[in-house]
Amino acid sequence: MKEPSKKQHLSSNSSPNNAEHKTAEGPITPQQKMASTIKNILQLCVGLSIIFLFLAIAKLIISYFESTFPASILGMLMLFLALSLGVIKLSWIQFTGNLVLKYLALLFIPVGVGLINYFELITAHWLVIVFSLFFTTLVTLFMVGHCYQWLTKEKS
Amino acid sequence: MFLYIATPLTLLFFFLAKKLYSMVPNPLFNPVLVTIFSLIALLLILAIPYQDYQQGTNVITALLEPAIVALAVPLYLQLKVIKARLKYILLSCLVSVMVAFFCAFYVM
């Protein structure tokens, strides 16, 4: 019983529909809670299967053509296409998608800790790195915003 | 030993950092940044080689690829908004990328 209740907690955070439902209905019975937990777990399974299916197909294609294009990007484009064509319904995958998005940042931490390998490089060129990162980011943000505003103003 | 606690430790640090951020909502206390730096500090202090940590967190790294595939969902959800302004978005991005590229190039 401990595991599903944990998942329930996760899912109720990430799906706004669920939360709305709860507040509208007042206190929920254990049966309802159980039912929604099972529903969420099923949704998670379906979503994950779809995602892994697309990733596997993308990997097959990449290995067939011996390309260096990242398989995950190809998988994303294929999934996007499937969603646009209506082959995959958004409702099948939305729950999983939201959950993944919520914890996306966590997945980048081990990669970020990999910075430890480049300590010497960073200490040798820290000024250049910091300056170029901050300066170019600022310039890019500024340019995108102003270009977009200027272009849309021109039209209207 | 560290192999088995690397992933739980990362999760623990991340949720603690999230809690810290909710208490002090300052961009400097970005949960990812705090977690990365505290983990680096821990590895350095305990003199644990990065390879050990990397092997221990294989689970998390392996989830990165499906996570990128899942990004198709927000892309699809934003499709209408993007489609209506695609021309402007592409044009302003192109100009900005060029400017940023030249900036970075000449600063070096």
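Residues numbered from 1 in each chain as written. Chains lettered and ligands numbered in written order. Predicted model: local features only at pLDDT ≥ 70, side-chain atom pairs only at ≥ 80, totals over all residues. Heavy atoms only, no water.

## So, the overall build of chain A
In terms of helices and strands, chain A carries nine helices and zero strands. Secondary structure of chain A in N-to-C order comes out as α-α-α-α-α-α-α-α-α. Counting all 156 residues of chain A, 31% fall into the buried class. Considering only contacts within chain A whose residues lie at least 6 apart along the sequence, 59% involve residues at least 24 apart. When the accessible surface of chain A is split by element, carbon and sulfur atoms take 71% of a total near 10,600 Å². (Helix = DSSP H or I, 4+ residues; strand = E, 2+ residues; numbered from the N terminus. Buried < 20%, exposed > 50% of the residue type's maximum accessible area, 1.4 Å probe, protein only. Contact = heavy atoms within 4.5 Å. Areas by Shrake-Rupley, 256 points an atom, 1.4 Å probe, with all protein chains shown as cover.)

## Focus on the interface of chain A and chain B
Taken together, the contact between chain A and chain B spans 50 residues of the former and 46 residues of the latter. Both sides together, the interface formed by chain A and chain B hides about 4,500 Å², and carbon and sulfur atoms give 86% of it. One salt bridge connects Glu 65 of chain B with Lys 59 of chain A, and the closest N-O pair in it is separated by 2.7 Å. Between the two partners, chain A and chain B, sit four residue pairs in polar contact (both at pLDDT 80 or more). Within the residue set of the side of chain A that touches chain B, elements represented by two or more residues are α3 (30–65), α4 (71–85), α5 (90–102), α6 (104–107), α7 (109–113) and α9 (126–155) of chain A. The leading source of residues in the side of chain A that touches chain B is α9 of chain A, at 14 residues. Broken down by class, the residue content of the side of chain A that touches chain B amounts to 35 nonpolar, twelve polar and three charged. (Buried area = accessible area lost by both parts, 1.4 Å probe. Salt bridge = Lys/Arg side-chain N within 4 Å of Asp/Glu carboxyl O. Polar contact = N/O pair within 3.5 Å; in protein donor to acceptor, adjacent residues only side chain to side chain. Nonpolar A, V, L, I, M, F, W, Y, C, P; charged D, E, K, R; others polar.)

## Things to note about unusual backbone geometry
Its identity is not glycine, yet Glu 66 of chain A carries a phi of approximately 50 degrees, on the positive side. Take Glu 66 of chain A: it is sitting in the loop between α3 and α4. A relative accessible area of 72% places Glu 66 of chain A in the exposed class. The backbone of Ala 47 of chain B sits at a positive phi, close to 55 degrees, despite the residue not being glycine. Within the secondary structure, Ala 47 of chain B is located in the loop between α2 (31–45) and α3 (50–56).

## A closer look at the side chain of Thr 57 of chain B
With respect to the helices, strands and loops of the structure, Thr 57 of chain B is situated in the loop between α3 and α4 (58–62). Note on Thr 57 of chain B: relative accessible area 1%, which makes it buried. A distance of 2.8 Å separates a polar side-chain atom of Thr 57 of chain B from the backbone oxygen of Tyr 53 of chain B. Setting aside anything within four residues of it in sequence, one finds Thr 57 of chain B in contact with Pro 110 of chain A together with Ala 6, Thr 7 and Thr 10 of chain B.

## Overview of the nonpolar core
Counting 21 residues, the largest nonpolar core has Ile 109 and Val 113 of chain A together with Phe 2, Leu 43 and Tyr 53 of chain B as the members making the most contacts within it. Within the residue set of this core, elements represented by two or more residues are α5 and α7 of chain A together with α1 (2–23), α2 and α3 of chain B. Residue contacts for Ile 109 of chain A: discarding those within four places in its chain leaves Thr 10, Phe 14, Val 32, Thr 35, Ile 36, Leu 39 and Tyr 53 of chain B. Within the second largest apolar cluster, 20 residues are counted, among which are Phe 54, Leu 55, Ala 71 and Ala 82 of chain A. (Core = buried A, V, L, I, M, F, W, Y, C linked by side-chain atoms within 4.5 Å.)

## Observations concerning the confidence of the model for chain B
Overall, the prediction assigns chain B a mean pLDDT of 85, with 97% of residues at 70 or greater. Scored by ipTM, the complex comes to 0.75, with pTM at 0.69. (pLDDT = per-residue confidence, 0-100.)

## Some details on a nonpolar patch on the surface
Residue and element names in this part refer to chain A. Judged by side-chain polarity, Leu 115, Tyr 118, Leu 121, Ile 122, Trp 126, Leu 127, Ile 129, Val 130, Leu 133 and Phe 134 come together as a nonpolar surface patch covering roughly 1,000 Å² of accessible area. Listed by contribution, the elements that provide at least two residues to the nonpolar patch are α8 (119–124) and α9. If you tally residues by element for the nonpolar patch, the top one is α9, at six residues. With respect to the helices, strands and loops of the structure, Leu 127 is situated in helix α9. For Leu 127, a relative accessible area of 56% puts it in the exposed group. (Patch = residues over 30% accessible without salt bridge, like charges linked within 9 Å, V, L, I, M, F, W, Y side chains within 5 Å.)

## With respect to the confidence of the model for chain A
All names here are of chain A. Put simply, chain A has an average pLDDT of 79, and 81% of its residues get 70 or more. α4 holds the highest mean pLDDT among the elements of chain A, 90, whereas helix α1 (residues 2–14) holds the lowest, 44. Long-range and interchain partners of residues 1–20, a stretch whose pLDDT sits below 50, account for 24 contacts in this model, where long-range means more than four residues apart.

## A closer look at the packing of α3 of chain A against α5 of chain A
Residues and elements named next belong to chain A. The geometry of α3 relative to α5 is characterised by a closest axis approach of 8 Å and an angle of 90 degrees between their N-to-C directions. With respect to their mutual orientation, α3 and α5 come out roughly perpendicular. For the pair α3 and α5, the contacting residues are Asn 40, Gln 43, Leu 44, Val 46, Gly 47, Leu 48, Ile 50 and Ile 51 in the first and Ser 91, Trp 92, Ile 93, Phe 95, Thr 96 and Leu 99 in the second. (Axes fitted to C-alpha atoms, helices over the stretch in contact; angles between N-to-C directions. Parallel < 35°, antiparallel > 145°, perpendicular 65-115°, else oblique.)

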